[in-house]
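# Tertiary structure, described
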Amino acid sequence: MRPRLLPTSPTLALSLAIAFSLAGGLSAADTAFTIQKTSSGGLVIQHEGKPFAEYVVDQGNKPYLAPVFGPTGKQMTRSYPMKTVDGEQHDHPHHRGICFGLEDTAGFDTWAEKATFEEQLKNPKQADKAKARLAALGAIKHREYKEIKAGDKSAVVTAVSDILDVNGKKLMEEQHTITFTVTSDTRVIDFDIDFIASEGPVKLGDKKDSGFSIRVPTSMAVKSGLGTPGGTIINSDGIKDTDAWAKRAKWCDYSGPVEGETLGVAMLNHPSSFRYPTPWHVRDYGLFTANPFGTQSLDKTQPDGTVELKKDEHLKLRHRLIFHKGDAKSAGIESAWEAYSKTDRK
């Protein structure tokens with residue numbers, strides 16, 4: 001199956017050229033959504049003049065969204081490692097906002113990054129292992145935007161990245177469309193991600209540390225370390241907190257206190273997505289990951305889940321993030337999944 005790429009038509013090229021000329025912006029200011037380009041090539045998405053999210057392409061070893069703001073204006077992603085904030089957890093520097101990473105793409109790791117191993121290099125007992133991991137460190141490098149569009153009802157960004165080995169050799173291609181929408185009580189981000197074996201056959205390994213992730217605010221974590229009540233994890237089968245780890249479910253939700261309010265984020269898995277329903281690599285310290293690549297690595301009773309894509313074959317992930325008030329029940333996440341499941345995510 002050949003990749004589904006958006007054509008760069010003369011009309012689109014002209015539209016983008018005009019948009020780029022608007023005072024450094026990418027959309028007119030008279031629409032509810034606006035998109036502004038940053039000096040480093042990223043994007044800032046706003047709704048009615050208020051920040052929604054920033055798309056970052058020049059830090060770490062992969063593109064990501066951070067910070068991301070919820071329906072009441074509170075930040076819904078951890079600030080670290082982009083910023084060091086007192087009271088936040090400062091573990092796992094590769095957990096950057098909302099991002100995708102895969103520990104094994106043809107043997108190379110885009111989940112971790114250099115900072116992941118800096119402390120280990122200082123420890124003689126861990127240094128050799130850290131050096132080996134660094135030698136296999138890959139990257140997901142932003143190449144170009146295929147579409148940037150902002151209007152009254154939504155903002156849409158389609159971007160293409162190259163997945164590279166440690167020497168910068170291209171292993172495969174990744175294209176994603178991010179769609180931002182708003183309701184009276186929620187902020188919603190759809191991620192339609194395609195991985196394309198553009199360079200030839202490629203194996204994607206069965207690894208625990210892989211998938212589509214968000215790192216939630218420290219205060220929301222089930223175990224926040226702040227000495228105050230933390231949050232709650234619950235999936236579509238009603239399984240909670242640490243018991244939800246590695247379980248397959250059509251959606252999973254993480255909610256808890258954020259600056260005096262109870263807020264949450266639900267991640268929905270579309271039926272057309274690879275290995276639906278996905279296993280959830282969701283942790284009580286705030287990591288929240290949909291990982292369909294991890295089967296045996298998440299459950300030793302399962303067979304090895306390594307998958308090999310043939311030349312030009314593609315694999316798709318389809319997820320919706322709903323940033324909501326209250327918990328999963330009060331936010332109606334089951335009904336939201338029912339509606340999402342009926343949408344066409346080609």
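Residues numbered from 1 in each chain as written. Predicted model: local features only at pLDDT ≥ 70, side-chain atom pairs only at ≥ 80, totals over all residues. Heavy atoms only, no water.

## With respect to the overall build of the chain
In terms of helices and strands, the chain carries four helices and 18 strands. A compact globule built from 346 residues should have a C-alpha radius of gyration of about 20 Å, and the chain, at 19 Å, falls within 12% of that. If you line up the chain on its principal axes, its C-alpha atoms span 55 × 50 × 40 Å. Looking at the chain as a whole, 54% of its 346 residues qualify as buried. Residue pairs in contact within the chain that sit at least 24 positions apart in sequence constitute 61% of those at least 6 positions apart. Total accessible area on the chain stands at roughly 15200 Å², and carbon and sulfur atoms take up 52% of it. The chain carries 45 positive and 44 negative side-chain charges, and their two centres are separated by 2 Å. (Helix = DSSP H or I, 4+ residues; strand = E, 2+ residues; numbered from the N terminus. Rg over C-alpha atoms; globule rule 2.2 N^0.38 Å. Buried < 20%, exposed > 50% of the residue type's maximum accessible area, 1.4 Å probe, protein only. Contact = heavy atoms within 4.5 Å. Areas by Shrake-Rupley, 256 points an atom, 1.4 Å probe, with all protein chains shown as cover. Lys, Arg positive; Asp, Glu negative; His and termini not counted. Charge placed at Lys NZ, Arg CZ, Asp CG, Glu CD.)

## Observations regarding helix α4 (residues 333-341)
The complete set of buried residues in α4 reads Ile333, Trp337, Tyr340 and Ser341. Along α4, the residues classed as buried sweep out an arc of 95 degrees about the axis, all on the same side. Elements that come into contact with the buried residues of α4 comprise β9 (186-196), β13 (251-258), β14 (261-269) and β18 (314-325). (Arc of directions from axis to C-beta.)

## Concerning the nonpolar core
Counting 58 residues, the largest nonpolar core has Leu65, Ile98, Phe180 and Ile189 as its most contacted members. Residues contacting Ile189, with those up to four places away along its chain left out, are Phe52, Leu65, Val68, Ile98, Ile178, Thr179, Phe180, His319, Arg320, Leu321 and Phe323. Core analysis: the second largest hydrophobic core is formed by nine residues, Val188, Ile322, Trp337 and Tyr340 among them. (Core = buried A, V, L, I, M, F, W, Y, C linked by side-chain atoms within 4.5 Å.)

## Focus: the confidence of the model for the chain
When pLDDT is averaged along the chain, the result is 92, and 92% of the positions lie at 70 or above. Every residue in residues 1-24 scores below 50 in pLDDT, and together they form 33 contacts with partners more than four places removed in sequence or on other chains. (pLDDT = per-residue confidence, 0-100.)

## Considerations on the sheet that holds β14
The sheet built from eight strands is open, its strands ordered β6-β7-β8-β9-β18-β14-β13-β12 with antiparallel pairing. Because the sheet does not close on itself, it has two edges, and the strands there are β6 (139-150) and β12 (232-235). Across this sheet, the average inter-strand angle for adjacent strands is 15 degrees, counted without regard to direction. Against the sheet, α4 touches β9, β13, β14 and β18, its axis set at about 30 degrees to β14. (Pairing = 2+ DSSP bridges. Axes fitted to C-alpha atoms, helices over the stretch in contact; angles between N-to-C directions.)

## What to know about the side chain of Asp192
Within the fold, Asp192 resides in strand β9. Residue Asp192 is classed as buried on the basis of its relative accessible area, which comes to 12%. Those residues in contact with Asp192 that sit more than four places away from it in its chain are Gln175, His176, Thr177, Leu317, Arg318 and Arg345.

## Quick look at the pattern of salt bridges
If you walk through the whole model with that rule in mind, you get 27 salt bridges. Taking the shortest distance from any N to any O, the salt bridge between Lys208 and Asp209 comes out at 2.9 Å. Of the residues examined, Lys208 reaches a relative accessible area of 27% and is grouped as partly exposed. One network of salt bridges, in which partners are shared, links Arg143, Glu144, Lys146, Asp162, Lys170, Glu173 and Glu199. (Salt bridge = Lys/Arg side-chain N within 4 Å of Asp/Glu carboxyl O.)

## Details of the packing of aromatic side chains
Tallying each qualifying case throughout the model produces 11 aromatic pairs. Measuring from ring centre to ring centre gives 4.7 Å for Phe191 and Phe212, while their planes differ by 55 degrees; the resulting arrangement is tilted. Here Phe212 lies in strand β11 (residues 210-215) and Phe191 lies in strand β9, a separation of 21 residues in the sequence. Taking relative accessible area as the criterion, Phe191 reaches 6% and is therefore assigned buried. Given a relative accessible area of 1%, Phe212 falls into the buried group. Ring-pair connections join several aromatic residues into one group, and the members of that group are Phe100, Phe195, Phe274 and Phe293. (Phe/Tyr/Trp six-rings, centres within 6.5 Å; stacked < 30°, edge-to-face > 60°.)

## Here's the deal with unusual backbone geometry
Residues other than glycine predominantly adopt negative phi, and peptide bonds predominantly adopt the trans conformation. The amide bond that connects Tyr80 to the next residue, Pro81, takes the cis arrangement and shows omega of 5 degrees. Tracing the chain through its elements places Pro81 in the loop between β4 (64-68) and β5 (98-102). The linkage connecting Tyr276 with the following residue, Pro277, adopts the cis geometry, with an omega of -10 degrees. Following the sequence through the fold, Pro277 ends up in the loop between β14 and β15 (280-282). The backbone phi angle of Glu48 is positive, close to 50 degrees, even though this residue is not glycine. Within the element layout of this structure, Glu48 appears in the loop between β2 (43-47) and β3 (50-56).

## Concerning the environment of Leu263
You can see Leu263 is positioned in strand β14. We classify Leu263 as buried; its relative accessible area is 1%. Separated by 187 residues in the primary sequence, Leu263 and Met76 have C-alpha atoms spaced 8.5 Å apart. In this structure Leu263 touches Thr72, Lys74, Met76, Met220, Tyr254, Ser255, Gly256, Val258, His324, Lys325 and Gly326, once residues within four positions along its chain are discounted.

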